[in-house]
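One-letter residues, chain by chain:
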Amino acid sequence: MDLFEIRGGTLDVIAEEAEHQDLSRESTTMESFNVTSDRGGRTTRDVSTFQRFSVDTNESLHFEPCEAITPSPTGAEDGNDEDDVFKEEGTESEIVKIRNRLQAKVAEMESFAGHLEEIFLTVEENFGRQEQHLEQHYNDVLQTLSQRYDERAAGLEEEKKGKLEALYTQLLSCGQAMDASKELIETAQEIYRTQDKRLFLKTVMPTIKSIEEFAKEESDLTLTTRLEFNTPLADLSDVKTMMDSINVVPAPSAPVINPQMPNSATQTSLRVCWSLFSDDTVEYYELYYRPVLEDKPADSTHTAQESKVKVKETHCTVTDLLPNAQYELWVTATNTTGISPASEKALYITVPSPPVIKRRECTSCTDAALIRWESGNTNPVDSYTVELSEMGTDDTQSSVTESIVAVPTCQCLIQLQSGRRYLISVRAVNIGGPSDRSEVITVSTTGTFFYLLEDTAHPCLSISEDGFTMFYGDEELPISAMGLDDNTFARCVAVLGDLIPVRGRHYWEVEVDDGSEYRIGVAYEDTERNSYLGAKTTSWCMRHILTPSRHKYEFLHNGWSPDLRITVNPLRIGVALDYERGTLSFFNVDLEQHLHTFQCHFRNYIHPCFSLDNPGALTVHNGIEAPEYAFI
């Protein structure tokens, strides 16, 4: 029976039966978003969905199917006998085991059928090659024999021509002698018959003299030409060599190096495989490799140093390589007859180096976290995998690690559960496999967490090492030291915070000095850097002004503020942002006192903003749980 009929018939029927016996499975997906690009490439607007699945911490990534519980056929739920329930569960478990065994058997049979098909094709190819090889030898032998025949026939023809010419010359000489003898005899007979004695005496003496002279001439009547032909032994040594070479092992054909397989590399090694015609006899292989120079000038003749490994198998693991580097590889085969041509060159790449997480650019809130990182690799990677595991209340790590795979860029927005702590790391992935884990960071979803963006800070501001406190000193900077760019506040001594781009509820607090004039609020990313906070439609803020008579507070938006009077100066101010309700509220945290609420529909994502109008300092407290009164 044809192999294709086997695979297309019996195996497909078995697979179809197994498929009809499959129980329902649940798959869990996790959405990961690319966020609006608000700060020169920190985020993007596109939203992408990535597959999320669970894996054991110490094992490779795999899906874990969840089997749905099949309801009772009778529809009864509470009145079933316990023995029947256990029996039904045992039957289902047995069905699952049988199904798994059947699927494994089907996969094994399909693999075996595929292997037989490959062997069938290989036998056909080998037969064709051997037939072509034998025909070539046969034609070469016939051509050599034909050449020897032509040479021998030409020699015989030349020898025949020489013998015939010699015989003809000898025959011609003999004929001339016979003609002369015949003429003398006829002359003598005529003289003998004459009656005139005077004429007889006159002619007899010359005739006798001619006969004597003819008799003195010696005629060679021996056969000087040999009738036999020379038959030298033909030199057929080359033909014998050619005949013997039919049974000699030929030199191997060029091996075929396989393309790189997924997960076939580490940071410093590559597993390389190749194949050869099965009837070729090989004593050993030589694998050559060299790194691909990325920055080599176009006119440069310099090439990387070439290395080689001698092995007997059709696979080899090359070690001591560079991470995330491309290598050019080729292989030759050798036996007692000779060396094969080199295979075509193939490109392999080692596993990338671990990414580097940008801690100061990672933000979070109660239900999501935005993780940013640097690739840390010269060559581009195919994708990234973000891994996270939940931490328990006793600071123990969960044994289950969830993964977000196929992340195309160096950032990922992850949906999380509120009030939890997570350990998050990143891997870079290419065809060689995943890199080692990056350094692990801890993310809490208790509240909104962000850092101050130093690249937006006015030159007179200093940001603390932890990224939460801003200082405005007394000294004045020279104009040459005030290197301003389009993203830096130029007029207002302010800085923005890196709020996570998630539309929901966010809360943070600001600790202020009673003697400082400040502005605290929110602003769009594109707010004008040459204007004060609250002066345009792109920002909202609470302003504190020191006057000779009192502390004055304003709640500014587009240059306007309601007429409000605050009797107790707040030293710790709570800011509550609710995207859904379109509100921005301010509170005196110490007194749990509501100060003011802006009502606005925020068209884009906004950022916390902080400004000092005189020398002083303020500190941001975030990552804290919002009080109950903040979103009433």
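- The name an unreviewed UniProt entry gives the protein chain is Fibronectin type III and SPRY domain containing 2, with Labrus bergylta as the organism.

1. Considerations on the overall build of the protein chain
Right, on to step 1. In terms of regular secondary structure, the protein chain is built from 4 helices and 32 strands.
Right, on to step 2. Long-range contacts, defined here as pairs at least 24 residues apart, represent 69% of the contacts in the protein chain between residues at least 6 apart.

2. Description of a negative patch on the surface
Right, on to step 1. Together, Asp179, Glu183, Glu186 and Glu190 give the surface a local cluster of negative charge.
Right, on to step 2. Relative to the elements of secondary structure, Asp179 occurs in helix α2 (residues 82–193).

3. Quick look at the pattern of salt bridges
Right, on to step 1. For the coordinates displayed, the defined rule picks out 18 salt bridges.
Right, on to step 2. Close ionic contact of Glu439 with Arg359 constitutes a salt bridge, the shortest N to O distance being 3.1 Å. You can see Glu439 sitting in the loop between β19 (433–434) and β20 (441–444) and its partner Arg359 sitting in the loop between β12 (356–357) and β13 (363–364), a full 80 residues away along the chain.
Right, on to step 3. Classification of Glu439 as exposed rests on a relative accessible area of 58%.
Right, on to step 4. Ionic pairing is found between Asp613 and Arg543, a salt bridge with its closest N-O pair at 3.8 Å.

4. Examining helix α3 (residues 197–216)
Right, on to step 1. For α3, spanning 20 residues, the distance from its first C-alpha to its last is 28 Å, which sits close to the expected 28 Å at 1.5 Å a residue.
Right, on to step 2. The largest bend in α3 comes to about 30 degrees, at Val204, with the proline Pro206 one to four residues further on.

5. Some thoughts on the pairing of strand β30 (residues 593–599)
Right, on to step 1. The sheet contact formed by strand β29 (residues 583–588) and β30 spans 6 bridges and is antiparallel. Its bridge partner lying in β30, Ser585 is registered against Thr597.
Right, on to step 2. Where β29 folds back on β30, the antiparallel hairpin that results is connected by 4 residues, among which Glu592 adopts a positive phi of roughly 55 degrees.

6. Some details on a nonpolar patch on the surface
Right, on to step 1. Together, Tyr138, Leu142, Leu145 and Leu236 give the surface a local cluster of nonpolar side chains, amounting to about 360 Å² of exposed area.
Right, on to step 2. Counting through the fold element by element, Leu142 comes out in helix α2.
Right, on to step 3. Assessed through its relative accessible area of 39%, Leu142 is described here as partly exposed.

7. Notes on the sheet that holds strand β26 (residues 539–546)
Right, on to step 1. The sheet built from 5 strands is open, its strands ordered β23-β31-β25-β26-β27 with antiparallel pairing. Single-partner strands in this sheet number two, and they are β23 (494–496) and β27 (551–557). Neighbouring strand axes in the sheet, compared pairwise and without regard to direction, differ in orientation by 20 degrees on average.
Right, on to step 2. Sheet topology places strand β25 (residues 518–524) next to strand β31 (residues 606–612); 7 bridges connect them, and they run antiparallel.

8. Some words on the packing of aromatic side chains
Right, on to step 1. Within this structure, the stated rule accounts for 14 aromatic pairs.
Right, on to step 2. Grouping aromatic residues by their ring pairs yields a cluster made of Tyr524, Trp540, Tyr579, Phe602 and Tyr605.
Right, on to step 3. The ring centre of Tyr284 lies 4.0 Å from the NZ or CZ of Lys310, which sits over that ring.

9. Let's talk about the sheet that holds strand β7 (residues 284–291)
Right, on to step 1. Pairing is antiparallel across the open sheet formed by 4 strands, whose spatial order is β8-β7-β10-β11. Strand pairing shows two members of the sheet lacking a second neighbour, β8 (307–311) and β11 (346–349), which therefore form its edges. Neighbour-to-neighbour, the strand axes of the sheet open up by a mean angle of 30 degrees, direction not taken into account.
Right, on to step 2. Inspection of the sheet shows β7 paired to β8 by 5 bridges, in the antiparallel sense. Note on β8: the bridge partner recorded for Tyr288 is Lys308.

10. Quick look at unusual backbone geometry
Right, on to step 1. Non-glycine residue Asp320 carries a positive phi angle of around 60 degrees.
Right, on to step 2. Position of Asp320 relative to the elements: it lies in the loop between β9 (315–318) and β10 (326–334).
Right, on to step 3. Residue Asp320 is classed as exposed on the basis of its relative accessible area of 72%.
Right, on to step 4. You will see that Ala406, though not glycine, has its phi angle at about 60 degrees, which is positive.
Right, on to step 5. By the secondary structure assignment, Ala406 is in strand β16 (residues 400–407).

11. Examining the environment of Leu452
Right, on to step 1. Mapped onto the secondary structure, Leu452 falls in the loop between β20 and β21 (461–463).
Right, on to step 2. Exposure remark for Leu452: the relative accessible area of 5% places this residue in the buried category.
Right, on to step 3. Sequence-wise, Leu452 and Asp466 are 14 residues apart; in three dimensions their C-alpha atoms are separated by 9.4 Å.
Right, on to step 4. Apart from residues no more than four positions distant in its own chain, Leu452 is found in contact with Ile463, Gly467, Phe468, Thr469, Met470, Val495, Leu496, Gly497, Phe610 and Val620.

Analysis parameters
Residues numbered from 1 in each chain as written. Predicted model: local features only at pLDDT ≥ 70, side-chain atom pairs only at ≥ 80, totals over all residues. Heavy atoms only, no water. Helix = DSSP H or I, 4+ residues; strand = E, 2+ residues; numbered from the N terminus. Contact = heavy atoms within 4.5 Å. Patch = residues over 30% accessible without salt bridge, like charges linked within 9 Å, V, L, I, M, F, W, Y side chains within 5 Å. Areas by Shrake-Rupley, 256 points an atom, 1.4 Å probe, with all protein chains shown as cover. Salt bridge = Lys/Arg side-chain N within 4 Å of Asp/Glu carboxyl O. Lys, Arg positive; Asp, Glu negative; His and termini not counted. Charge placed at Lys NZ, Arg CZ, Asp CG, Glu CD. Buried < 20%, exposed > 50% of the residue type's maximum accessible area, 1.4 Å probe, protein only. Expected span 1.5 Å × (residues − 1). Bend = angle between axes of the 7 residues up to and from the residue. Pairing = 2+ DSSP bridges. Axes fitted to C-alpha atoms, helices over the stretch in contact; angles between N-to-C directions. Phe/Tyr/Trp six-rings, centres within 6.5 Å; stacked < 30°, edge-to-face > 60°. Lys NZ or Arg CZ within 6 Å of the ring centre and 35° of its normal.

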